[in-house]
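Below are the chains, spelled out letter by letter.
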Amino acid sequence: MQRLILSKKNHIMFVSATLISAGFTVKLGFKNEAVAVWFLMIASVLGVMPIVIQAYQALRVKVVSIDVLVTIAVTGAFFIRNFEESAIVTFLFLFGAFLEQRTLNKTRSAIKELTEMAPESALKQMENGEFEEVEVDEVDIGDILLVKTGAKIPVDGTVLSGEGNINEASITGESLPVSKEKGSAVFAGTILDNGTLKIAADRVGEDTTFGKIIELIEEAQDSKSEAERFIDRFSKYYTPTVLLLGIIVWIFSRNMELAITILVLGCPGALVIGVPVSNVAGIGNGARHGVLLKGSEVIGDFNRLDTMVFDKTGTLTVGNPSVAEKKYYGDHIDEALGYLASIERESDHPLAKAVLEEIGEAIFSPVENTEVVKGSGIAATVNRHRVAVGNMDLMEREGTELSEQAKADIEQFEKGGNSLVLTSVDGELKLLIGIRDQIRPGVKEDLRKLKKLGVKNLVMLSGDNQGTVDTVGRELGLTEAHGNMLPEDKSAYIRKLIEEKGQIVAFVGDGVNDSPSLALAHIGIAMGNGTDVAIETSDVVLMNSDFSRLPHALGLTKATARNMKQNILIAVGVVLFLLAGVFFSEWMNMSIGMLVHEASILVVILNGMRLLRYKLR
């Protein structure tokens, strides 16, 4: 019976509204007081039923909730035959709950839209080679799937054949479609805008990136921040205090209506709901923009941030070394480039890959008598020429002569933080190539935004040599830059900032090598491209390793923290205003108080919903 009544709460609200309207129509239009009273009595009894049930359920778990206060107030109004007040108060309370639910659903819209994007079926290749539609739960790792234009990608996988553009907004927050071809990775929950793809399933179900994102967001909604826990504790004492205040007023004044009015006006509804709605809206905004906040507790720490520490490779830099500078000497350069490409294509060194990408198409020649000089480079015979590719030590070993200009160029390249690749042919220097990890596009502007948002210190920690680190630090305008650091050195540095200097520290890294630092910092931020390690070890995940989302994440947490404080002030201010109205005015009554009370709940919800539209200025 209780479940039935609660499920029909909205229907009861509409019936109550009809009865109240009928009662006032009969009273004012037909001057029939007796019939009007019956309409209002029935409206009061109907309206209070779901409220009484909710009050009973709260008392069973030893909680004096807002429903308890309203039940006592309405019952008192009924027995002193103030049927107008009892009917209107119950209707306003039910109507307020109805509007709260409607608006709260809107605050969860970003998360709801995301969960609704979860794929439900897939075209799976069967043993006979034909593709049949099956439930997504029936797909296993290694299965071959077919995805057609307009369909959702059902799993995380690798493209086996076909080409197309995929909308990855649900995973990365990026609105522009991403081109996919053979060998490309695809994510569950993304949409194929055009083309047809055949993919192999790598991860399925809850193990997909999309599944982990949904799990993470649900955990974030369920977790409570310090502010929410404080409000919960406060409500446990506040509600009984209001009840006690009403009793004391009745004892001294013997005015039952005044005591009941205090119970109605003291309801802490807006206070209870204000902080959670801000958190949900903030988390929803982050989900839309490729920023996953792992719990509302993160918002409090992130908002008070002093220092942001960055790993270099893959965070401030692209993580993919490429040719930054080059110099050519003498004649027959194209021939020398061909010799260099011929040697480097036999090497798996990262610098060799960067060199080959820079050279592009080349005429390859047979390589003979290859000699690998550990820590220096490679020497070999190409087309009967002695070719050496490596660093300065190798050039000295090969007796390569360096002109004054070449020496000056080498010094300049080293100051620029480059790793050097020199190429000599028959003892004559032909090529000087400087390779370094390029700074991410737009990072300098993003760091400027972080400073503007109040981050006092921007620090870089890297395992690279100090010269390279200093170059990057100067270019980006960092507060500090430290090189030659092992993972344990980085975590020791962060511990020093926290324990000795008392700073609130965020660490931004790749979520793998820097996991000790991510765990130790107050806020661990992963540039993880949505990988398992990034999601598990960090507090915040920037999807698609997009550094530009970091200022938005910080700005969003600051806006969310401000929003919480605004909602608390609104809620407390309204209660004080209503109680003052009872004691210092003659116009305040239960109906007006309940109307203002419900309006205040809507105000804090609507204020929280503003966060859904938040964008960093």
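Only a predicted model underlies this, so the values are computations on that prediction, with no experimental measurement involved.

Here is what the cut-offs are and how they apply
Residues numbered from 1 in each chain as written. Predicted model: local features only at pLDDT ≥ 70, side-chain atom pairs only at ≥ 80, totals over all residues. Heavy atoms only, no water. Helix = DSSP H or I, 4+ residues; strand = E, 2+ residues; numbered from the N terminus. Buried < 20%, exposed > 50% of the residue type's maximum accessible area, 1.4 Å probe, protein only. Areas by Shrake-Rupley, 256 points an atom, 1.4 Å probe, with all protein chains shown as cover. Pairing = 2+ DSSP bridges. Axes fitted to C-alpha atoms, helices over the stretch in contact; angles between N-to-C directions. Contact = heavy atoms within 4.5 Å. Patch = residues over 30% accessible without salt bridge, like charges linked within 9 Å, V, L, I, M, F, W, Y side chains within 5 Å. Salt bridge = Lys/Arg side-chain N within 4 Å of Asp/Glu carboxyl O. Lys, Arg positive; Asp, Glu negative; His and termini not counted. Charge placed at Lys NZ, Arg CZ, Asp CG, Glu CD. Left-handed = near helix turned anticlockwise from the far one by under 90°. Nonpolar A, V, L, I, M, F, W, Y, C, P; charged D, E, K, R; others polar. Polar contact = N/O pair within 3.5 Å; in protein donor to acceptor, adjacent residues only side chain to side chain. Parallel < 35°, antiparallel > 145°, perpendicular 65-115°, else oblique.

*Asks:* Explain the overall build of the protein to me, please; I cannot follow it from the model alone.
*Replies:* Across its full length, the protein carries 24 helices and 22 strands. Considering the protein as a whole, with its 617 residues, one finds that 50% of them fall into the buried category. Only carbon and sulfur atoms are counted for the fraction: they give 55% of the accessible area of the protein, which is about 29,500 Å².

*Asks:* Looking at this structure, how should I read the sheet that holds strand β12 (residues 317-328)?
*Replies:* In any sheet, the strands associate via hydrogen bonds between backbone groups, in a parallel or an antiparallel arrangement. Strands sit in the order β12-β17-β16-β15-β14-β13 across an open sheet of six strands; the sheet is antiparallel. Strand pairing shows two members of the sheet lacking a second neighbour, β12 and β13 (367-373), which therefore form its edges. The sheet shows a mean angle of 15° between the axes of neighbouring strands, taken without regard to direction. Relative to strand β14 (residues 377-382), β13 runs antiparallel, the two being bridged by five bridges. From the neighbouring strand, E371 faces β14, where its bridge partner is A379. Docked against the sheet, helix α14 (residues 333-344) engages β12, β13, β14, β15 (385-390), β16 (419-425) and β17 (428-439), running at close to 60° with respect to β17.

*Asks:* Could you clarify how one ought to interpret a positive patch on the surface in this entry?
*Replies:* On the surface, R562, R610, R613 and R617 cluster together into a positively charged patch. Mapped onto the fold, R617 is located in the segment after α24 (590-609). Judged by its relative accessible area of 94%, R617 falls in the exposed class.

*Asks:* How should I be thinking about a negative patch on the surface in this particular structure?
*Replies:* Judged by side-chain charge, E120, E133, E135, D137 and E138 come together as a negatively charged surface patch. Along the chain, D137 falls in the loop between β2 (131-135) and β3 (144-147). You can call D137 exposed: its relative accessible area is 70%.

*Asks:* Looking at this structure, I do not really get the sheet that holds strand β4 (residues 156-161). What am I missing?
*Replies:* Within the open sheet, the six strands sit side by side as β2-β1-β3-β9-β4-β7. Their pairing is antiparallel. Among the strands making up the open sheet, the edge pair consists of β2 and β7 (185-186). Pairing geometry for β4 and strand β9 (residues 197-203), over five bridges, is antiparallel. In the sheet register, T158 faces β9, and the bridge partner there is A200.

*Asks:* Help me understand the packing of helix α3 (residues 33-60) against helix α4 (residues 66-79), please; the structure alone is not making it clear to me.
*Replies:* Between two packed helices, what matters for the description is the angle formed by their axes and the separation of those axes. Put simply, α3 and α4 touch, their axes get as near as 8 Å, and they point 145° apart. Viewed along their axes, α3 and α4 form a crossing whose handedness is left-handed. Contact residues: M41, S44, V45, V48, I51, V52, Q54, A55 and L59 in α3; D67, V68, V70, T71, V74 and F78 in α4. The residue makeup of the contact of α3 with α4, split by class, is eleven nonpolar, three polar and one charged.

*Asks:* For this particular structure, what's the right way to read helix α10 (residues 256-265)?
*Replies:* Each turn of an α-helix holds 3.6 residues, which means side chains three or four residues apart point in the same direction. Most of α10 is tucked away: seven of the ten residues are buried. Three or more residues of α10 are buried, namely A259, I260, T261, I262, L263, V264 and L265. Looking at where α10 begins, the residue whose side-chain oxygen comes 3.0 Å from the main-chain nitrogen of L258 is N255.

*Asks:* Explain the environment of L606 to me, please; I cannot follow it from the model alone.
*Replies:* As for its position among the elements, L606 is in helix α24. In the structure, L606 is positioned 39 residues away from N567 in sequence and 9.9 Å away in space, judged by C-alpha atoms.

*Asks:* What is the right way to look at the packing of helix α23 (residues 549-584) against α24 in this model?
*Replies:* At a closest axis distance of 10 Å, the pairing of α23 and α24 adopts a crossing angle of 170°. Of the possible angle classes, the one that applies to α23 and α24 is roughly antiparallel. In contact with N563, Q566, N567, I570, V574 and L578 of α23, α24 contributes G593, V596, H597, S600, V603, V604, N607 and G608. Looking at side-chain class alone, the contact of α23 with α24 contains six nonpolar, eight polar and no charged residues.

Shape is all these values report; function is a separate question.
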